[in-house]
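Close look at the chain arrangement
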Amino acid sequence: MALTAKMADVGTPLILSYMDPAGQIAAERVADGFGMSKSQLAETAGLARETLYRSERIGAPKAQGRLREMLEIISRVTEWAGGKDQAMAWYRAQPLPAFGGRTAESLVKDGKAAAVRDYLDHMALGGFA
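The present account deals with the structure reproduced in this document. On a predicted model such as this, the values are computed, not experimentally measured, just so you know.

Let us now look at the overall build of the protein chain. Of the regular secondary structure elements, the protein chain holds nine helices and zero strands. Across the 129 residues in the protein chain, those meeting the buried criterion constitute 38%. The contacts in the protein chain between residues at least 6 apart in sequence include a share of 41% that link residues at least 24 apart. For the protein chain, the exposed surface amounts to about 6,900 Å²; the carbon and sulfur share of it is 54%.

In structure tokens, the structure reads:
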């Protein structure tokens, strides 16, 4: 965990700090990095709890895709949120007016991560919510 936090502090993109040598997102590393259990991480990413406890399922495209989408969005808001933990709190709890008050977490769970990324791009360019 300390290595992950240290890597994120020195400018390594957040998503890269959670990848294993094979280029897959290491769920246990992500859970440890955000101070949650694998079950909580699975819920946050919109995956079945068992997915993150079975090695043959953690590498599945759906599981890796959801974890990647979650980390990409959290990475985009980390700087202005005040850190990765605050960015996770934003991801899980901040209602987004442009989406009827839904959170980024609920949108990613519904397969709408691209819409959240577009929204964040729009906001970064000075657009209104």
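Continuing now.
Relative placement of two packed helices is described by the angle separating their axes and the distance separating the axes. Relative orientation of the contacting elements helix α6 (residues 61-81) and helix α9 (residues 113-124) amounts to 15°, with a least axis distance of 10 Å. As far as their axial angle goes, α9 and α6 are roughly parallel. With respect to the hand of their crossing, α6 and α9 are arranged in left-handed fashion. Of the residues in α9, those touching α6 at Glu 69, Glu 72, Ile 73, Arg 76, Val 77 and Trp 80 are Ala 113, Val 116, Arg 117, Leu 120 and Asp 121. Residues that form the contact of α6 with α9 fall into these classes: six nonpolar, no polar and five charged.

Right, let's get into the pattern of salt bridges. Per the counting criterion, the structure on display carries eight salt bridges. A salt bridge links Glu 28 to Lys 38; the nearest nitrogen and oxygen atoms lie 3.8 Å apart. Of this pair, Glu 28 sits in helix α3 (residues 27-33) while Lys 38 sits in helix α4 (residues 38-45), and the two are 10 residues apart along the sequence. Within this structure, Glu 43, Arg 92, Glu 105 and Lys 109 form a network of salt bridges that share partners.

Overall, the coordinates contain three aromatic pairs when judged by the stated rule. On the basis of an interplanar angle of 70° and a centroid distance of 5.6 Å, the ring pair of Phe 99 and Tyr 119 is categorised as edge-to-face. Of this pair, Phe 99 sits in the loop between α7 (84-93) and α8 (104-109) while Tyr 119 sits in helix α9; the two residues are 20 residues apart in sequence, bridging distant segments of the chain. The exposure class assigned to Phe 99 is partly exposed, which follows from its relative accessible area of 22%.

Residues three or four positions apart in an α-helix share a direction because the helix packs 3.6 residues into each turn. For α9, with 12 residues, the first-to-last C-alpha span of 16 Å sits near the 16 Å given by 1.5 Å per residue. Those residues of α9 that sit buried are Ala 113, Val 116, Arg 117, Tyr 119 and Leu 120. The buried residues of α9 all sit within an arc of 160° when viewed along its axis, so they share a single face. On its buried face, α9 is in contact with α6, α7 and α8. Just downstream of α9 lies Gly 126, where phi reads positive at about 95°.

As for its placement among the helices and strands, Ala 81 is situated in helix α6. Beyond its immediate stretch of four places on either side in the chain, Ala 81 contacts Gln 86 and Ala 87.

This brings us to α7. Among all positions of α7, only Lys 84, Ala 87, Met 88, Trp 90 and Tyr 91 are buried. All buried residues of α7 fall inside an arc of 160° around its axis, so they share one side.

Conventions and cut-offs
Per-chain numbering applies: the sequence of each chain, read as written, is numbered from 1 onward. Since the coordinates come from a predicted model, pLDDT governs what is reported: local features require at least 70, and pairs of side-chain atoms require 80 or more to be given and counted, while whole-chain, interface and lining totals use all residues. Processing note: side-chain calculations cover all non-hydrogen atoms of the structure and skip hydrogens and water entirely. Only DSSP runs of H or I covering at least 4 residues are called helices, and only runs of E covering at least 2 are called strands; the numbering of each starts at the N terminus. Exposed residues in this analysis have more than 50% of their type's maximum accessible area, buried residues have under 20%, and partly exposed residues fall in between, with area computed by a 1.4 Å probe over protein chains only. The contact criterion used is simple: two residues touch if any of their non-hydrogen atoms lie within 4.5 Å. The protein chains shown are the only cover counted for residues, whose accessible areas, like all others here, come from Shrake-Rupley with a 1.4 Å probe. Axes, fitted as lines to C-alpha atoms, cover a helix only where it is in contact. Angles between the N-to-C directions of the axes lie from 0 to 180 degrees. What sets the label is the angle itself: under 35 degrees gives roughly parallel, over 145 gives roughly antiparallel, 65 to 115 gives roughly perpendicular, and the rest give oblique. Crossing handedness is read from the near helix: turned anticlockwise from the far helix by less than a right angle, it gives a left-handed crossing, and turned clockwise, a right-handed one. Under the grouping applied here, Gly and all other residues not named as nonpolar or charged are polar, the nonpolar ones being Ala, Val, Leu, Ile, Met, Phe, Trp, Tyr, Cys and Pro and the charged ones Asp, Glu, Lys and Arg. Here, a salt bridge means any side-chain nitrogen of Lys or Arg that lies within 4 Å of a carboxyl oxygen of Asp or Glu. Put simply, two rings from Phe, Tyr or Trp (the six-membered ring, in Trp's case) pair if the centres are within 6.5 Å, and we call them stacked under 30 degrees between planes, edge-to-face over 60, tilted for the rest. To estimate how far a helix should reach, multiply one less than its number of residues by 1.5 Å. Taken from the helix axis, the directions to the C-beta atoms give the arc we talk about.

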